[in-house]
Every structure is written in structure tokens, then in C-alpha cells.
Amino acid sequence: MIWSAWRLNRTPLLVSLVFIAILNVSALTAGVYVPDYPQISWSFPRMCSRWNDVGPCRPETALTLSTLFALLLPLILGMFVGVPTFAREVEPRTHVLSLTQVGSRIQWYFARIVVVFLPISAAMTCLGLALHWATGLSRDSSSAEYGPSVSFSWFDFPHFETAGVVLGAYTLLMLLIGSTLALMSRSTVVSMLTTFVVFLFFVPVAFTWIAREHYGTPNVVSEAINGLERESEYPPNPYYTDDGTWVVGAGYVDAAGDRVRPATEGCATPYSDDYLKRQDGESDEQLRARSQDEYRTRASQFDECLRDQGVDRYDVRFFSEDSFWRFQAIETGLMLGFSGAVVGMGLWRVRRLD
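Report follows, based on the coordinates. (Residues numbered from 1 in each chain as written. Predicted model: local features only at pLDDT ≥ 70, side-chain atom pairs only at ≥ 80, totals over all residues. Heavy atoms only, no water.)

On inspection of all chains with the given rule, the structure shows 16 aromatic pairs. For the ring pair F155 and F160, a centre distance of 6.1 Å and an interplane angle of 15 degrees mean the geometry is stacked. The residues F155 and F160 share a single accessibility class, namely buried. The ring of Y314 is capped by R230, whose NZ or CZ atom sits 3.6 Å from the centre of that ring. (Phe/Tyr/Trp six-rings, centres within 6.5 Å; stacked < 30°, edge-to-face > 60°. Buried < 20%, exposed > 50% of the residue type's maximum accessible area, 1.4 Å probe, protein only. Lys NZ or Arg CZ within 6 Å of the ring centre and 35° of its normal.)

And the structure:
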């Protein structure tokens, strides 16, 4: 039983494991070299180009490609390993002979999962941990002007999906989905196309983007309204951070903390005709002071207009990076739970194979 599963699937299994091992070595090697340039921090998809072909660009390219492959591999493995693992027997109906040579259908089913799916998923988990280590060393930078900072958050796409233990759970789920679809449809092409659709529109991509921010209660920081600045042509971006914070929401709220969407178009008062224009006998300091006074008056009027519409403050909701491994554990548990459900569907279908 185990030998039969190995003999039929050894080529895709070994090719997959060797390719994953190459990505592991590439990521770990790159992670050693990129920190040698502390003034430069890596972020996806930074890589070599005709304008960037010096210094750390080659290890940066290795990290970018390793991350990209790690993102796509659950789908690729689900389509080209998960589907054929059962389709190569079910589609030509050679499974009939196999089932007569094993103790039970359940053993026939789980032999392929143990021999093929679990080693690949374990290798992908190792790749996720290697990428977490390598990219963690490579995202830090420091400058005399701005001090230490990070180039991305662990919660950012595609780092959450590829730099942690959840990568192995994604892979196992997609392998099981591909294999179950092969058992259901008995068509390799249909199973591959359906696996592709499931990956893109259900799990792990779309589902996790929608559900992830609900894994915990975000921290909330209340800021002044500052409506004139926030509604300007170049407003500050509350979602940009340099400390790894993941901002999941920002906006005006009332005194109870409920979101308010005020009509801001009529709140701005026009500048005076002599704004930023020097008056007779006016010094630079006087011009600057007068312009600042006018701006503060306009800002106060803008905020008062928003308060009349129920705005009390501006709240920013965020998760700190301390929550990263907790979120990884939650999402891994969800993917393993879905995997269990898919296994149940596969077993149901195996028992009814003729």
C-alpha cells in the first residue's frame, strides 16, 4: 500500500521536494547577505534591474523570487501534484485493481496523503519559517535622519501568506482540494481548473483577506479631527507605518465610537485674497505668522463643521506585530479545519468509487 503510493507518485514528490529545498537554500543564503547593507532594506518585489545591479540586488532578487514561488506553490502543487495523485488511477479506472490489493479503501486513500501530501506540506512549512527568518533580517534599515524603521509589516501581502507556518497549511489544503476534486469529477483538466478557481476566490486568498482582521480586537488610537489636513489634496496616509503596525481601519467617529461619514465638501472656507501675499511693510516673520493664523482659523472652522455633523474624533484601528504569531496560529488552525472537512468529502467519495 505505502510502496504502491510511493511507486506511483515518487517523481512528482521528489521534484517538489527538491524544488522546495532549492527555495529554502536560496532564501537562507540571501538572508545572510542582505543585512550587510544596513542603509538598504528589502521589500517585495525589489530585485535586480538595469538601474539596480549593484550591492545587495542579487540576494534581494533571490528573496523576491523565493517569496513569489512560495505564494504560488500551494496552487501549483494542488493542481499538478494533488490532482494527479488520484486522477492517474481514477480517470483510467486502474484504481479498481489497486482497491482489490489493499486492506481497505480508507487505507488506500490515506496512504497517498501520508506518502505525498504530508512531506510536501512539511517542506513548505520549513520554507515559510526560512522566509520569515531571511526577510526579517532584510527588512530593517536605519538612517541618521529617520532612525530605525522596517520596510514592511508581517501582516502585509504576501508576507503573512509566505513567511510563517501557515504556508504549510495552505499547501496541505490545496493538495487535498485538488485530490478531492479529482475523485469527484474523474477529469484531470476540470479538477485543475476548479482548483485554480478555489485558490483565487475562496481560500486561502480571498477568505483570509476578509476574515483575518477579525481574528482579534484591534487597538484604537484616537487623534484630533484635523479635517482640513485630512481632506487636503495630499492628505496623510493613516495606513502607512514604518514600525510594522497593521492598520485595519481609520476614519471619523462620533462620541460613541461609531463610524461617521460627514459631507466635507462644504466645510472648507476659501482663502483670503492676500493669503501668502506680502502686505506693505510686512516682514517675512509677520507674513508667516499671519498666514499661519489664517490657516488655523480655517482649520478650526472646518473641524467645527464636522462636529456639527456628529464627528467627535479620528480613530485609527490597528494590530501590532506582537499579534503576528497568534494570527498565524489561528489561520493555520482554520486551514487545517478546512483540510479535515475536505478529507471527509474525499473519504465519502472513495467509499462510493466503483
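Counted by the stated rule, this structure contains 7 salt bridges. For E223, the salt bridge is made with R230, and the minimal N-O distance between the two is 2.9 Å. Look at R230 and you get buried, because its relative accessible area is 15%. When the shortest N-O distance is used, the salt bridge between E304 and R307 registers 3.6 Å. Of this pair, E304 and R307 are both found in helix 10 (residues 284–307), 3 residues apart, which corresponds to roughly one turn of the helix. Judged by relative accessible area, E304 falls into the partly exposed class, the value being 40%. Looking at R307, the relative accessible area reads 43%, which means it is partly exposed. A network of salt bridges, in which partner residues are shared, links E161, R212 and E331. (Salt bridge = Lys/Arg side-chain N within 4 Å of Asp/Glu carboxyl O. Helix = DSSP H or I, 4+ residues; strand = E, 2+ residues; numbered from the N terminus.)

This paragraph deals with the packing of helix 4 (residues 105–138) against helix 6 (residues 166–185). Orientation of helix 4 relative to helix 6, taken along the N-to-C sense of each, is 150 degrees, at an axis distance of 7 Å. Of the possible angle classes, the one that applies to helix 4 and helix 6 is roughly antiparallel. Classified by chirality, the crossing of helix 6 by helix 4 is right-handed. For the pair helix 4 and helix 6, contact is made by Y109, I113, F117, L118, I120, S121, M124, T125, L127 and G128 and by L167, G168, T171, L172, L175, L176, S179, T180 and L183, respectively. Here the residues of the contact of helix 4 with helix 6 sort into 12 nonpolar, 7 polar and no charged. (Axes fitted to C-alpha atoms, helices over the stretch in contact; angles between N-to-C directions. Parallel < 35°, antiparallel > 145°, perpendicular 65-115°, else oblique. Left-handed = near helix turned anticlockwise from the far one by under 90°. Contact = heavy atoms within 4.5 Å. Nonpolar A, V, L, I, M, F, W, Y, C, P; charged D, E, K, R; others polar.)

It is worth spelling out the sheet that holds strand 5 (residues 313–319) at this point. As summarised here, the arrangement of the 3 strands in space is 3-5-4, forming an open sheet in which the pairing is antiparallel. Strands with a single pairing partner mark the edges of an open sheet, and in this sheet they are strand 3 (219–223) and strand 4 (246–253). Across this sheet, the average inter-strand angle for adjacent strands is 20 degrees, counted without regard to direction. Where strand 3 lies against strand 5, 5 bridges are found, and the strand directions are antiparallel. Each residue of the ladder has a partner; that of V221, found in strand 5, is V316. (Pairing = 2+ DSSP bridges.)

Structurally, the position occupied by R212 is in the loop between helix 8 (205–211) and strand 3. Only 3.1 Å separates the side chain of R212 from the side chain of E161, close enough to count as a polar contact. Setting aside residues no more than four positions away along its own chain, R212 makes contact with F155, F160, E161, Y170, W246, F327 and E331. (Polar contact = N/O pair within 3.5 Å; in protein donor to acceptor, adjacent residues only side chain to side chain.)

A few words now on the state of the cysteines. For the structure shown, the criterion picks out 1 disulfide. Shown here is the disulfide that connects C267 with C305, its sulfur atoms set 2.0 Å apart. Every disulfide takes its handedness from the sign of the S-S torsion; for C267 and C305 that torsion is -60 degrees, giving left-handed. Taken together, the residues span a long stretch of sequence, with C267 in the loop between strand 4 and helix 10 and C305 in helix 10 at a distance of 38 residues. (Disulfide = S-S within 2.5 Å.)

This part is about the packing of helix 6 against helix 11 (residues 324–351). Across the interface, helix 6 lies against helix 11 with an axial gap of 9 Å and an inter-helix angle of 15 degrees. As the angle between them shows, helix 6 and helix 11 are arranged roughly parallel. For the pair helix 6 and helix 11, the sense of crossing is left-handed. Per-class residue counts for the contact of helix 6 with helix 11 are 17 nonpolar, 5 polar and 2 charged.

So, about the nonpolar core. The biggest cluster of nonpolar side chains holds 64 residues, and the ones touching the most others in it are Y109 and I120. Only helix 1 (2–33), helix 2 (57–90), helix 4, helix 6, helix 7 (188–201), strand 4 and helix 11 provide two or more residues apiece to this core. Core analysis: the next-biggest nonpolar cluster, separate from the first, contains 14 residues, F302, L306, V316 and F318 among them. (Core = buried A, V, L, I, M, F, W, Y, C linked by side-chain atoms within 4.5 Å.)

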